[in-house]
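Coordinates in review
Chain residues, written in single-letter form:
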Number of protein chains: 2
Amino acid sequence: MSMFKRVVIIGTGLIGSSLGLALKKRRLAQEVIGLSRLPENALLAKRSGAIDSVGFSLDVCSGADLVILAVPVDKITALAASVAKFIKKRCAVIDVGSTKEDIVLKAGALIPDFLGCHPLAGSEKRGAGNLQEDLFKGSICIITPTPATGKALLKKISALWKKIGARPVILTAKEHDRILAYTSHLPHLTAISLIKTVPEKYLAFGSSGLKDATRVSASDAGLWRGIFMANRNNLLAALKSFRKELKGLEEVLEKKNTKKLEKILDSARRKRGKLK
Amino acid sequence: MSMFKRVVIIGTGLIGSSLGLALKKRRLAQEVIGLSRLPENALLAKRSGAIDSVGFSLDVCSGADLVILAVPVDKITALAASVAKFIKKRCAVIDVGSTKEDIVLKAGALIPDFLGCHPLAGSEKRGAGNLQEDLFKGSICIITPTPATGKALLKKISALWKKIGARPVILTAKEHDRILAYTSHLPHLTAISLIKTVPEKYLAFGSSGLKDATRVSASDAGLWRGIFMANRNNLLAALKSFRKELKGLEEVLEKKNTKKLEKILDSARRKRGKLK
């Protein structure tokens, strides 16, 4: 038996369409409807088998038992307010945004059965053209319930993520945003600073080290502007720590302290080894 | 006909052993002898077919027409001085180190037919256990002749790199070091600072973005200590530029200047697109 009758996915980008495909392939929904600001993206998702049909208005949400908000973080709260007008009682609404505190607070106030989710999957590539059925397989999905979240809702959404191969991890929205500032948003910010630092005429000499270090900077600018702004305070705190590490290395170089330099390099190497 | 009669590779790590295998597979040398500070590494290289035999003393260089110094940068000059005592006239000596100015100056003064080389290939993985026959295929090899470099030598070594799939690019040692400070050494330094900044308990949430951004920090500490120290001044200059970019982004976040933030993100995205 399907877990859901009608799932509406709003935003058929990389995450939304990959999620649709995963739901359909595992027969977790009887019907998946996709909506997109860009109709060609929703049509592409349909052709790829990620959704059954393209919805053209939010009123399709009225028949849904699950609505997935898969739009950029700075659009989620306004979208939740619109969706709230159409959904029936007990319809679950989740988002898949990269920041959580503000979204969970605001969308949670508008929709009783709202649950914040953040699958740690994705890529610098965007759009339904890059969808992957197994995008979530083996990845973590952070779920951020509040004291008001119903137990049945939390159980059902956790089961959903498990069925598509992700490992649900429960955190508060506050914890989520603090952690992600270090593990995702700061690396994004340093990648951007790094590619901007390299003189254009030197790019021809960029080897795999530079490519890997800057890969995420190829991501969509609008999407990341929203993430940076939503998690501004945590990101600024992480940046402060990073600048301190940088300053430490600079001083070691200035003082030609080779012994300490090797110690820093070695402790970094060992710590990187713990990143599976 | 082989290009060389006897090639001696000193240092059978990732680069040295991959180079040996590439030479042997393409029959560019009649005999390849490998030497290593770690005999097990040289034996591993022999078992992998990267060298014909393991040499136990530098006097094997006396019969060589090419000696390749494939040891960490801070060991190259001293090694060149030792090798100089054994080689016959007209024996070509090249290194494959990641910095060039100091090495080319000192080794060039000791060995008339010395030529600095830097294949932009490699990985955070080390040792003959990770050797790859095609490591140099499609990569750039920077060659740094001086006004004293003989034309025949430059021609022969350029041909060698071409035959194993690399594209030789000629630069002065000074240019090389300035460029690599930005394209390799700075990304290495920021990767180290980044992994050190992330609190250990958050590492479990590290996704592909963090992994890629910090991959190079898993490299050998001793090797990179040498590279950082040899290219200290250029690296400090690159670091200064990087800190300026970082400061710019910090200010934009502090002032909540979303318009400028998107502009920066977008220009980074476009620049990253030029990195092939």
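Analysis parameters
- Residues numbered from 1 in each chain as written.
- Chains lettered and ligands numbered in written order.
- Predicted model: local features only at pLDDT ≥ 70, side-chain atom pairs only at ≥ 80, totals over all residues.
- Heavy atoms only, no water.
- Least-squares fit on C-alpha atoms with pLDDT ≥ 70 in both.
- Contact = heavy atoms within 4.5 Å.
- Core = buried A, V, L, I, M, F, W, Y, C linked by side-chain atoms within 4.5 Å.
- Buried < 20%, exposed > 50% of the residue type's maximum accessible area, 1.4 Å probe, protein only.
- Salt bridge = Lys/Arg side-chain N within 4 Å of Asp/Glu carboxyl O.
- Helix = DSSP H or I, 4+ residues; strand = E, 2+ residues; numbered from the N terminus.

Notes on the relation of the copies chain B and chain A
Superposing chain B onto chain A takes a rotation of 180 degrees combined with a translation of 0.0 Å along the rotation axis, leaving an RMSD of 0.0 Å. Here the two chains are linked by the operation of a two-fold rotation axis. Among all residues of chain B, the minimum C-alpha distance to the rotation axis is found for alanine 213 of chain B, at 2.0 Å. By residue overlap, the copies meet face to face through one surface: 100% of the interface positions of chain B are interface positions in chain A.

Remarks on the nonpolar core
Ranked by internal contacts, the top residues of the largest apolar core, which has 128 residues, are Ile10 and Val67 of chain A together with Ile10 and Val67 of chain B. With near-sequence residues (within four places) excluded, valine 67 of chain B lies in contact with Val8, Ile10, Cys61, Val83, Ile87, Cys91, Ala92, Val93 and Ile94 of chain B.

Observations concerning the pattern of salt bridges
Enumeration according to the criterion identifies 32 salt bridges over all chains in this entry. Measuring nitrogen to oxygen at the nearest pair gives 2.5 Å for the salt bridge that ties glutamate 200 of chain A to lysine 274 of chain B. With glutamate 200 of chain A in the loop between α6 (173-197) and α7 (208-214) and lysine 274 of chain B in the segment after α10 (258-272), the pair connects residues from two separate chains. When its relative accessible area of 43% is taken as the criterion, glutamate 200 of chain A is described as partly exposed. Put simply, arginine 26 of chain B and aspartate 134 of chain B hold a salt bridge, and the shortest N to O gap is 3.4 Å. Taken together, the positions of arginine 26 of chain B in the loop between α1 (14-25) and β2 (29-35) and aspartate 134 of chain B in the loop between β6 (114-119) and β7 (140-144) put the pair 108 residues apart, joining distant regions of the chain. Under the relative-accessibility criterion, arginine 26 of chain B is labelled partly exposed at 27%. Residues participating in the shared-partner salt-bridge network are Asp74, Lys75 and Arg225 of chain A together with Glu262 of chain B.

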